[in-house]
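Structural description and commentary
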Amino acid sequence: DIDVLASSEDAEKVMDHFSTLPTVVDVTGKGHTKTSVRLKGGIAVDLRVVSPEQYPYALHHFTGSKEHNTKMRHIAKSMGLKMNEYGLFSDEGNENIPCSSEEDLFKALGMTYIPPELREDMGEIEAALENKLPKLVESKDMLGIFHFHSHYSDGSNSIAELAEEVKRQGYRYMGMADHSRSAYYARGLKEEDILRQIEEIDELNSKYKDFHIFKGIESDILTDGSLDYSNDFLKNLDFVIASVHSQFRMDKESMTKRISTAMDNPHTTMLGHITGRLLLSRDGYEVDLDKILGKAAQKGTVLEINANPHRLDLDWRWVKKAKEMGIRIMINPDAHSLSEIAYTSFGIAMARKGWCEKKDVLNCLDIDAIKKFLHN
Ligand SMILES: [Zn+2]
Ligand SMILES: [Zn+2]
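Everything in this summary refers to the structure shown in the same document. Because the structure is predicted, anything quoted here is derived from the model rather than measured.

Points about the packing of aromatic side chains
Any aromatic ring pair is given by two values, namely how distant the centres are and how the planes are angled relative to each other. For the coordinates displayed, the defined rule picks out 10 aromatic pairs. Between Phe146 and Tyr173, the aromatic rings sit 6.2 Å apart at their centres with planes inclined by 85°, giving edge-to-face as the arrangement. In this pair, Phe146 sits in strand β7 (residues 144-148) while Tyr173 sits in strand β8 (residues 173-179), placing the two residues 27 residues apart along the sequence. Both residues of the pair, Phe146 and Tyr173, count as buried. Where Tyr229 meets Phe233, the ring centres are 5.6 Å apart and the plane angle is 35°; that geometry is what we call tilted. Side by side, Tyr229 and Phe233 carry an identical accessibility label, which is buried. Members of the aromatic cluster, each reached through a chain of ring pairs, are Phe146, Tyr173, Phe214 and Phe239.

Structure, rendered in structure tokens:
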């Protein structure tokens, strides 16, 4: 469900307005400070209204995980304070320590502001106490995006249409990556299609001043770990995203070996949707991610955060590990249409949740640096 927190002196009025919004089909509960509704699409939403004085404490309380909140209460207690969703109190007098924002609340506990994404008790409290929190990547840091499907394979738009829209959104470069020939169900590209696409991209690039389209492919990783074209042919491209799209039912060892073999190919730039999970419908295949991450760190393989909301693959917990191992991350929309370019923001959210800073994310390189990176 979705939880919404609001602050007002007049909770009734806010809740009345909320429960009569046109998208609300059913009011499932109503109290003095909380209203529960169901929306047209079936999603449940709880609205809680607190006083402006209580808002920072309540916001913090409802944002973090249980583990984060428990540790925060321990820290407060060690300072002789008591903390809950209603306030921060001195133990004896029950006197409220006034905080007008979450920033004030963290400050009162001797730490720097912890962004909501990090509130999981995964080291963020210790880091905040030592003023060592990462400066998380932001959408304004993103200079380019990769992993697009055009109507050459199963996308809905031409390369020119995709490029125009990506450019319009302020990016400086993009990377085409249609499906490879083994993905016949997605109209994967034969070698002659790729050559035709390369010509088309060269033609477009010759017209752009401040924009560049990189030439790539999303190559299937075949069962023996080889890519879908010869190494000699792959030389024509700027980059390769290697992905598993078939034969998911392999035992863990074989699947790990399959992906690991693909990483040995000098043309593999990055791994696409590394576990193959589809949220709420399909678990990822069996794969030893510790081994894959170890190999990525050793070989310099980039790991994708596939930003499609059905995937969000690599999971943010593994993103955090990858970051700690010095592995470069790339946030890819895997867009099959113009509207799916917006998926990028979900990927940024996952990168932030995995503690990524600008330096960890390949999309933040400027055009010269990314060119150099791809051709090394
Ligand atoms: Zn794919
Ligand atoms: Zn794709």
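Description of the nonpolar core
Residues Phe148, Met174, Ile213, Ile259, Leu271 and Leu303 are the most contacted members of the largest nonpolar core, which totals 61 residues. When residues no more than four places from it in sequence are discounted, the contact partners of Leu271 are Ile221, Ile241, Ala242, Ile259, Met263, Ile292, Thr301, Val302, Leu303 and Glu304. Membership of the second largest hydrophobic core comes to 20 residues, among which are Leu88, Ile114, Ile125 and Leu133.

Brief notes about the coordination of the zinc ion (ligand 2)
The coordination sphere of the zinc ion (ligand 2) contains the protein donors His147 (NE2), His149 (NE2), Glu218 (OE) and Asp334 (OD), at a distance range of 2.1 to 2.3 Å. Coordination at the zinc ion (ligand 2) is irregular: its 4 donor atoms span angles of 81 to 167° at the metal. Mapping the donors of the zinc ion (ligand 2) onto the primary sequence gives the spacing H-x1-H-x68-E-x115-D. Using a relative accessible area of 0% as the deciding quantity, one classes His147 as buried. Assessed through its relative accessible area of 4%, Asp334 is described here as buried.

Side note on the coordination of the zinc ion (ligand 1)
Each donor-metal-donor angle in an ideal tetrahedron of four donors is 109.5 degrees, and each such angle in an ideal octahedron of six donors is either 90 or 180 degrees. Protein coordination of the zinc ion (ligand 1) is provided by Glu218 (OE), His245 (NE2) and His273 (NE2), with donor distances spanning 2.1 to 2.2 Å. The sequence pattern describing where the donors of the zinc ion (ligand 1) fall on their chain is E-x26-H-x27-H. Among the residues examined, His273 registers a relative accessible area of 1% and is labelled buried.

With respect to the sheet that holds strand β3 (residues 34-39)
Spatially, 4 strands are ordered β1-β4-β3-β2 in an open sheet, and the strand pairing comes out mixed. Both edges of this open sheet fall to β1 (2-7) and β2 (24-30), since each of them pairs with a single strand only. Pairs of neighbouring strands in the sheet enclose a mean axial angle of 25°, with direction left out of account. Sitting on the sheet, helix α1 (residues 11-19) is in contact with β2, β3 and β4 (44-50), with an inclination near 160° to β4. Contacts between helix α2 (residues 55-63) and the sheet are confined to β1 and β4, with β1 contributing the most and set at about 170° to the helix.

Reading guide: rules and limits
Residues numbered from 1 in each chain as written. Chains lettered and ligands numbered in written order. Predicted model: local features only at pLDDT ≥ 70, side-chain atom pairs only at ≥ 80, totals over all residues. Heavy atoms only, no water. Phe/Tyr/Trp six-rings, centres within 6.5 Å; stacked < 30°, edge-to-face > 60°. Helix = DSSP H or I, 4+ residues; strand = E, 2+ residues; numbered from the N terminus. Buried < 20%, exposed > 50% of the residue type's maximum accessible area, 1.4 Å probe, protein only. Core = buried A, V, L, I, M, F, W, Y, C linked by side-chain atoms within 4.5 Å. Contact = heavy atoms within 4.5 Å. Donors = N, O, S within 2.8 Å, 3.2 Å for Na, K, Ca; no water. Tetrahedral: all angles 85-135°; square planar, octahedral: opposite > 155°, others 65-115°. Pairing = 2+ DSSP bridges. Axes fitted to C-alpha atoms, helices over the stretch in contact; angles between N-to-C directions.

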